[in-house]
Structure formats: structure tokens, C-alpha cells
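# Structure assessment
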Amino acid sequence: MTAAAAALRSGSARPMPAVGMGTASPTPVPHEDTRDAVLAAIEAGFRHLDTALMYGTERPLGEAVAEAVRRGLVASREEVFVTSKLWCTQCHPDLVLLALRETLQNLQMEYVDLYLIHWPVCMKPGAITWPAKREDAVPFDFEGVWRAMEECHRLGLARAIGVSNFTTKHLDKVLAVATIPPAVNQVELNPVWQQRTLRAYCAERGIHVAAYSPLGGQDWSGSGDGNAVLESEVLAEIAKARGKTVAQVSLRWIHEQGVTWIVKSYNKERLKQNMDIFGWELTDEDRLKISQIPQKKCVTATALFSPEGEFTSVDLSDMDIVEE
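Residues numbered from 1 in each chain as written. Predicted model: local features only at pLDDT ≥ 70, side-chain atom pairs only at ≥ 80, totals over all residues. Heavy atoms only, no water.

The chain appears in an unreviewed UniProt entry as NADP-dependent oxidoreductase domain-containing protein from Urochloa decumbens.

Have a look at this one:
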């Protein structure tokens, strides 16, 4: 199995492997479970690992990489592409570098391959609470925070820098002040939320798109709505005709769009299945059917906040991440 890698537009960045393993979970996962799952992913061939301070998985992920090197599964840390993210409470110019240093301490690494601003949302500094209080949302200093991200890159602590959950409106604000443009925008993307507008915008500006929730994602809101990707009749029909799983069809479709995907699975068999998207492709008819699937976004900025209280110093529309 060989996966292509995407060249990133940052001086010292190594190419981002086309498939990644994610570690986000709506409920806390025991440290050992995350470590073992990341190790299993490396064993299965994953070389792109995604974490964030918010997930609480930096430490076990770092341990898994160190263990993989000890076992000879990879020759060195250099063989693994590691992404982490700056949380909303740290989106203040004077806290960015401190936050990355904390992340590197958790990972026991000298650098991350990619450091992302997790959301276009800024909250008052302090401990991470989930969900956050609405009154803790404050205006986002895009220029100041991006300058601090650029400093992380210049110091070599982040080989590439980028953003996550940014719409074209948020990217406009960053690009207006950037001397080092974002290399990546990681967003919710799958056949049920295809992000056509954003993908076209990023392609024009050399920003690589990475997809989280490529299989429809987890139920962070507790809505019990089910999973629109895995339950899609269109995808099920294509999967049956191809002799593939619905997950493989979704991941293959994303790959064919030139988008990197990051999927969370702690199941060894599924990790292997998720890798099996090379050496075959969808037909034009398959792609047409997928392009006609009704669109529905799962993750929104309001999901970060409790329903009570008011946004006192920021307008929800400034943080909104839904864009057709």
C-alpha cells in the first residue's frame, strides 16, 4: 500500500501523507487505549497522526510514536507526520508559543509537523471547559494570533502552520495579514458535506484541505441523529456494486477530490479496511450520484458552547463555520 502525500506550502514542511488517523472523541478515552490504538495504526501503515490539546490525547500519542521507534516499526520520529492544534482559550497572541511548548512537552517531541488554530473562535484564557460558557467568547485577534503562529514556524517548533474549521471569510482575514500563508485548512468534509465553495477557494490560494469526520463523524451534540454518511443509501448502493464498504467508498471519494482524510478508529480491523482505498477508483456515474447527495453539516460553532447564557462580546455569525 502506498499513499500519495500532499506537498505543503511551508518552507521546511514535509509532505502530508494522504491518509491520517485521528484521536478526537466526544467522551474521554483511557490513556492506554489511545496509545495502543495509535501503535496499531502505525503498524497498519498510518504515518499521519492527528491530535489536539483539547482531545487530551497528545501524551499517549507521543508515547505510541516513541514505542513504534523502539520496536522498529518506524526508523525514527521523522517518519511520522504529527498534527496538533491550538485551543480557543489559547488564541491570544501572547499564549500561542506557550501553548505549542506545552503540546511539545506532552508529545515529548522537538517539533510538530503541522500546528493548526483549532477554531476561528477565541475564549477567555483559562482551563479548558466543555462545553464553554457563551460569555467566555471574546473577539478573535486574527492578525496577532497568526503572527504568533508564524513565530512558531520560524523557531522550527512547527514545520508547517494552518487552521481548522475556517470558512473563506475567516481565511480572508488571515491571508490579509499573513507573511506565511496557512498551509492547511482542516474541516468537516465527506460526501454529505462536500465543502465545494471552500475547496475551490483553497485550491486557488494553495491551501491544502484536510477532512475530519470523513465518515460522518461522532455524535458530539448527543442529538442521536444517526450518521448520514454510513447510513447513506447512495453510498451503500455504490459500495455493494464495488464490493467495498460504505466507509471505503466515502474515503475513496475524498481521496479523489485531492483532500487528505483523517479518520478516528480504535479498531484494528477497521484501521486496515480504511487503508484499502488504493488500487481502485469510483466511476463517473458513482461520482455523479455522490455529487447529488443532499448536504448537511454536523459540527457548528454553537456546539462548543452550552445553550445557556449569552454571547456578550462577540457575534455568533463571526464564529459561524457553516458555508455552502
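### Quick look at the packing of helix H2 (residues 58-71) against helix H3 (residues 96-107)
The geometry of H2 relative to H3 is characterised by a closest axis approach of 7 Å and an angle of 50° between their N-to-C directions. Comparing the axis directions of H2 and H3 gives the class oblique. Judged by residue contacts, Glu58, Arg59, Leu61 and Gly62 of H2 engage Thr103, Asn106 and Leu107 from H3. Class assignment of the residues belonging to the contact of H2 with H3 gives a composition of two nonpolar, three polar and two charged. (Axes fitted to C-alpha atoms, helices over the stretch in contact; angles between N-to-C directions. Helix = DSSP H or I, 4+ residues; strand = E, 2+ residues; numbered from the N terminus. Parallel < 35°, antiparallel > 145°, perpendicular 65-115°, else oblique. Contact = heavy atoms within 4.5 Å. Nonpolar A, V, L, I, M, F, W, Y, C, P; charged D, E, K, R; others polar.)

### Side note on the nonpolar core
Leu86, Ile117 and Trp261 are the most contacted members of the largest nonpolar core, which totals 77 residues. Among all residues touching tryptophan 261, those that are not within four sequence positions of it are Ala18, Val19, Gly20, Phe46, Ala211, Pro214, Leu251, Ile254, His255, Asn274 and Ile277. In terms of nonpolar packing, the next biggest core, distinct from the first, is built from 17 residues, Trp87, Cys88, Val121 and Ala132 among them. (Core = buried A, V, L, I, M, F, W, Y, C linked by side-chain atoms within 4.5 Å. Buried < 20%, exposed > 50% of the residue type's maximum accessible area, 1.4 Å probe, protein only.)

### Concerning the environment of glutamate 110
By the secondary structure assignment, glutamate 110 is in the loop between H3 and strand E6 (114-117). Glutamate 110 sits in the exposed class, given a relative accessible area of 70%. Along the chain, glutamate 110 and lysine 268 lie 158 residues apart, while their C-alpha atoms are 29 Å from each other. In this structure, glutamate 110 is in contact with Leu104, Gly156 and Leu157, ignoring residues within four places of it in sequence.

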